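Coordinate analysis (summary)
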Amino acid sequence: VFVALILLIGTTLALVSYRQISELILQSTEEIFDEIADGIRARFQQEYRPVTKTVELLALSRLVQSRDLAERLEALPLLVEALANQPHVTSVQLGYADGAYLVMRSAQSNHVREAFHIPAQYSYIVDHLAPDATGRVAGERRFLYADLRTGATAPLDTSEYDPRTRPWFQNT
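Within each chain, residues carry numbers counting from 1 in the order of the written sequence. Restriction of local features to residues with pLDDT of at least 70 applies here, the model being predicted, together with a cutoff of 80 or more for giving and counting side-chain atom pairs; totals for whole chains, interfaces and linings are based on all residues. For side-chain calculations, the full set of non-hydrogen atoms in the structure is used, while hydrogens and water are omitted.

1. A closer look at the side chain of S159
What counts is decided by this rule: Labels follow the DSSP assignment, with helices taken as runs of H or I lasting at least four residues and strands as runs of E lasting at least two, numbered in each case from the N terminus. Side-chain atoms alone can form a polar contact between residues adjacent in sequence; in general such a contact is a pair of N or O atoms within 3.5 Å, and within protein one must be able to donate a hydrogen while the other accepts it. Should any heavy atoms of two residues lie within 4.5 Å, those residues are counted as being in contact.
With respect to the helices and strands, S159 occurs in strand β5 (residues 150–159). Within the local environment of S159, its side chain forms a polar contact with the backbone nitrogen of Y161, the two atoms lying 2.8 Å apart. The residues touching S159, leaving out its near neighbours within four places in the chain, are L129 and V137.

2. Overview of the sheet that holds strand β3 (residues 124–131)
Operational definition: The pairing criterion is simple: DSSP has to find at least two bridges between the two strands. Every axis in this analysis is a line fitted to C-alpha atoms, fitted for helices over the stretch in contact. Angles between the N-to-C directions lie between 0 and 180 degrees.
Pairing is antiparallel in the open sheet, where five strands are placed in the order β1-β2-β3-β4-β5. One side of each edge strand has no neighbouring strand; the edge strands of this open sheet are β1 (91–95) and β5. In this sheet, neighbouring strand axes are inclined to one another by 15 degrees on average, regardless of whether the strands run parallel or antiparallel. Seen against the sheet, helix α3 (residues 76–85) touches β1, β2 (101–106), β3 and β4 (137–144) and runs at an angle of roughly 50 degrees to β2.

3. Some points on helix α1 (residues 2–59)
The condition that has to hold: What a helix is expected to span follows from its residue count: subtract one and scale by 1.5 Å. One axis is fitted to the seven residues ending at the residue and one to the seven starting there. The bend at that residue is the angle between these axes.
With 58 residues, α1 should cover 86 Å at 1.5 Å per step; its first-to-last C-alpha distance of 83 Å lies within 8% of that length. The axis of α1 is deflected most strongly, by about 35 degrees, at Y48, and proline P50 appears within four residues downstream.

4. Notes on the packing of aromatic side chains
The following threshold applies: Aromatic rings from Phe, Tyr and Trp, with only the six-membered ring used for Trp, were paired whenever their centres fell within 6.5 Å, and each pair was classed as stacked if the ring planes differed by under 30 degrees, edge-to-face if by over 60, and tilted otherwise. For every residue, the accessible area (1.4 Å probe, protein chains only) is compared with the maximum for its type, and the residue is labelled buried under 20%, exposed over 50%, or partly exposed between those bounds.
All chains considered together, the criterion is met by five aromatic pairs. Ring geometry for Y101 and Y161: centres 4.7 Å apart, planes at 55 degrees, overall tilted. With a gap of 60 residues between them, Y101 in strand β2 and Y161 in the loop between β5 and α5 (167–170) connect regions that are remote in the sequence. The pair formed by Y101 and Y161 is uniform in burial state, with each residue classed as buried.

5. Looking at unusual backbone geometry
Located in the positive-phi region is H117, a residue other than glycine, with phi close to 55 degrees. Tracing the sequence through the fold places H117 in the loop between α4 (110–115) and β3. Of note, the phi angle at L148 is positive, near 75 degrees, even though the residue is not glycine. As for its placement among the helices and strands, L148 is situated in the loop between β4 and β5. The partly exposed category is assigned to L148, whose relative accessible area is 22%.

As structure tokens, this is what we get:
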């Protein structure tokens with residue numbers, strides 16, 4: 001009887017300890033998970049809040065109201081500033097209600113240089129697509145020096161790209 005009582009008490013203590021340890025481990029895991037999630041959330045906001053602010057400022061600029069390539073090219077210093085202030089952003093894209101599309105890319109990374117075949121002397125490329133009177137979308141690529149002078153141009157292949165069909169355009 002005494003041995004059975006000792007075994008019963010020992011088993012009960014083991015089960016109670018097991019439950020308490022399991023709850024403690026679960027609680028600790030949840031706390032660690034919450035700390036990691038808070039850190040990721042804070043880092044994400046730290047990284048992308050400036051991008052959001054830049055987009056908001058660009059939306060207020062005359063660039064979004066421009067009607068043709070010449071007007072858009074006048075606003076390139078604004079895009080250069082946006083790219084310079086956001087080192088993890090490599091391009092700025094703008095879509096227009098008429099279906100035109102402008103994208104400016106910084107040639108700072110080797111990946112961008114290789115992907116777009118940017119010669120070493122150029123710092124930026126600008127692609128501009130616009131539908132003509134028939135609705136055919138044609139465009140050109142401009143290779144720009146650091147001072148934003150055009151060094152070379154190249155025609156872009158005819159495209160069916162329409163920024164108005166993209167979620168980033170539709171959500172604005």
